[in-house]
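# Survey of secondary and tertiary structure
The residues making up each chain are set out below.
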Amino acid sequence: MTAILEEIGSVLGKFDPISLDQMSGIKLMNRIDTKYLVNVNQLPELLKRAKNDYYAQEIDGSRMASYRTVYYDTQDAEMYVIHHNKKLNRQKIRMREYVNSDQYFLEIKKKNNKGRTKKIRIKVVNDDVSHQQEAVEFVDTKSNYRMSQLSPRLQNQFYRITLVNKAKTERLTIDMEIRFHNFKTNNDDCIHKLCIIEVKQDGNMHSPFKDYLEDMRIKQKSVSKYCLGMVLTDENLKRNRFKSKLFYITSVS
């Protein structure tokens, strides 16, 4: 992976930068998400096409940030099962650490039956959210669950590139080198060559990046990092509806 990451870093260096402060008005917390799965070797070409139309987020001189996420679920993995069964109006509860800036947020991510994703979050002191009163109250009052029902279920770590179009109406993330750890089974897994691209828009506005993907014959394909990690690290979970997606991921990566 080292050589391809160096190539990606070289292409990213040619983008105009955008800072976190400049991105403050482009959070798109209530949005429509479109996901794509690509092999990491396709990424340099996609980025070369995007460099004139997008800014690259830069934090402390770096354009490739490190993220860590801990997902919470019930003992019987209710949130995973709801997603597996394709039920709408679903939720995920997670702690996200922005490793480069040492910041922690507790997030509740909701997807409604119209396909829109809404995310609410609060800043927390560290990743031990079950012992922080504000965090407990946040989950108890803003989600379908109580913190006492939940425990850490899955951790993922990955590198993320964040791009913003020059019109500042669209943000997209590219996650790669995704590693999983399951707290229940103690199993680990990693999909080294898979990149998950997520285009985030407030409505159906034109996306230059979607044009690049179409030109390269890359079709939309959604995946939940939580569900993917759970399937890869816990053989006891039901997975029938994810089998075709796993086969596709294998073919891509």
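Up top you'll find the structure we're talking about.
Residues numbered from 1 in each chain as written. Predicted model: local features only at pLDDT ≥ 70, side-chain atom pairs only at ≥ 80, totals over all residues. Heavy atoms only, no water.

### Notes on the packing of aromatic side chains
Short version of the rule: Any Phe, Tyr or Trp ring, taking Trp's six-membered ring, that has another such ring centre within 6.5 Å forms a pair; planes under 30 degrees apart are called stacked, those over 60 apart edge-to-face, and the others tilted. The numbering of helices and of strands both runs from the N terminus, where a helix is a DSSP run of H or I of at least 4 residues and a strand a run of E of at least 2. Throughout this description, buried means an accessible area under 20% of the type-specific maximum (1.4 Å probe, protein chains only), exposed means over 50%, and partly exposed covers the range between.
In total, this model carries 8 aromatic pairs according to the counting rule given. Ring geometry for Tyr54 and Tyr212: centres 6.5 Å apart, planes at 70°, overall edge-to-face. Here Tyr212 lies in helix α5 (residues 208-215) and Tyr54 lies in strand β3 (residues 54-57), a separation of 158 residues in the sequence. You'll find Tyr54 and Tyr212 in the same group, each marked buried.

### Describing the environment of Asn182
Note the following rule: Only heavy atoms enter the contact rule, under which two residues are in contact if any of them lie within 4.5 Å. Pairs of N or O atoms are called polar contacts if they sit within 3.5 Å, as long as, within protein, a hydrogen donor faces a hydrogen acceptor (for residues adjacent in sequence, only side-chain-to-side-chain pairs).
On the secondary structure map, Asn182 appears in strand β9 (residues 170-182). Accessibility expressed as a relative area gives 0% for Asn182, which makes it buried. On a C-alpha basis, the gap between Asn182 and Tyr71 in space is 9.8 Å, while along the polypeptide they are 111 residues apart. Not counting residues up to four positions away in its chain, the partners in contact with Asn182 are Arg153, Leu154, Asn187, Met230, Thr233 and Asp234. Engagement of the side chain of Asn182 in a polar contact is seen with the backbone nitrogen of Thr185, the distance being 3.1 Å.

### Looking at the environment of Asn236
Residue position: Asn236 is located in the loop between α6 (225-233) and α7 (243-252). Residue class for Asn236 comes out exposed when judged on its relative accessible area of 68%. Put simply, Asn236 and Ser251 are 15 residues apart on the chain and 24 Å apart in space, counted from C-alpha to C-alpha.

### Focus: the packing of helix α2 (residues 43-50) against α5
For any two helices packed against each other, the geometry is given by the interaxial angle and the distance between the axes. For clarity, the threshold we go by: Only C-alpha atoms enter the line fits that serve as axes; for helices the fit covers just the stretch in contact. Angles between N-to-C directions range over 0 to 180 degrees. Should an angle lie under 35 degrees it is considered roughly parallel, over 145 roughly antiparallel, and from 65 to 115 roughly perpendicular; all remaining angles are considered oblique. Each crossing is labelled by how the near helix is turned from the far one, with a counterclockwise turn of less than a right angle marking it left-handed and a clockwise turn marking it right-handed. Note on residue classes: Ala, Val, Leu, Ile, Met, Phe, Trp, Tyr, Cys and Pro are nonpolar, Asp, Glu, Lys and Arg are charged, and everything else, Gly too, is polar.
One can describe the packing of α2 onto α5 by two numbers: an axis separation of 10 Å at closest approach and a directional angle of 135°. Put simply, α2 runs oblique to α5. For the pair α2 and α5, the sense of crossing is right-handed. Contact residues: α2 offers Leu46, Arg49 and Ala50, while α5 offers Phe209, Tyr212, Leu213 and Asp215. Among the residues forming the contact of α2 with α5, the class breakdown is 5 nonpolar, no polar and 2 charged.

### Some thoughts on the side chain of Ser143
Position of Ser143 relative to the elements: it lies in the loop between α4 (133-142) and β8 (151-165). In terms of polar contacts, Ser143 uses its side chain to reach the backbone carbonyl oxygen of Val139, at 2.7 Å. Excluding anything up to four places from it in sequence, Ser143 contacts Gln91, Ile93, Ile108 and Phe138.

### Here's the deal with the packing of helix α1 (residues 2-12) against α2
Axis separation between α1 and α2 bottoms out at 9 Å; the angle between their running directions is 0°. One element, α1, and the other, α2, form an angle in the roughly parallel class. Along its contact with α1, which presents Ile4, Glu7, Ile8, Val11 and Leu12, the element α2 presents Leu43, Pro44, Leu47 and Lys48. Here the contact of α1 with α2 is composed, by residue class, of 7 nonpolar, no polar and 2 charged.

### Things to note about the nonpolar core
For clarity, the cut-off: We define the nonpolar core as a collection of buried residues of types Ala, Val, Leu, Ile, Met, Phe, Trp, Tyr and Cys that are connected through side-chain atoms lying within 4.5 Å of one another.
Core analysis: the biggest nonpolar cluster contains 27 residues, and Ile8, Leu47, Ile161, Leu163, Ile174 and Phe209 have the highest contact counts within it. Contributing elements (two or more residues each) for this core: α1, β2 (30-39), α2, β3, β8, β9, β10 (188-201) and α5. The contacts of Ile174, once residues within four sequence positions are left out, are Leu43, Leu47, Tyr159, Arg160, Ile161, Leu163, Cys195, Ile196, Ile197 and Phe209. Within the second largest apolar cluster, 25 residues are counted, among which are Leu154, Ile178, Ile191 and Cys227.

### Remarks on the pattern of salt bridges
A side chain of one charge can pair with a side chain of the opposite charge if their charged atoms are brought near each other. Applicable threshold: Whenever Lys or Arg places a side-chain nitrogen within 4 Å of a carboxyl oxygen from Asp or Glu, that contact is recorded as a salt bridge.
Within the structure shown, the criterion is met by 14 salt bridges. With a shortest N-O distance of 3.8 Å, Arg49 and Asp215 are connected by a salt bridge. With Arg49 in helix α2 and Asp215 in helix α5, the pair connects residues that are 166 residues apart, well separated along the chain. Where Asp175 meets Arg160, a salt bridge forms, and the shortest distance between an N and an O atom there is 2.6 Å. In this pair, Asp175 sits in strand β9 while Arg160 sits in strand β8, placing the two residues 15 residues apart along the sequence. Each member of the pair, Asp175 together with Arg160, is buried.

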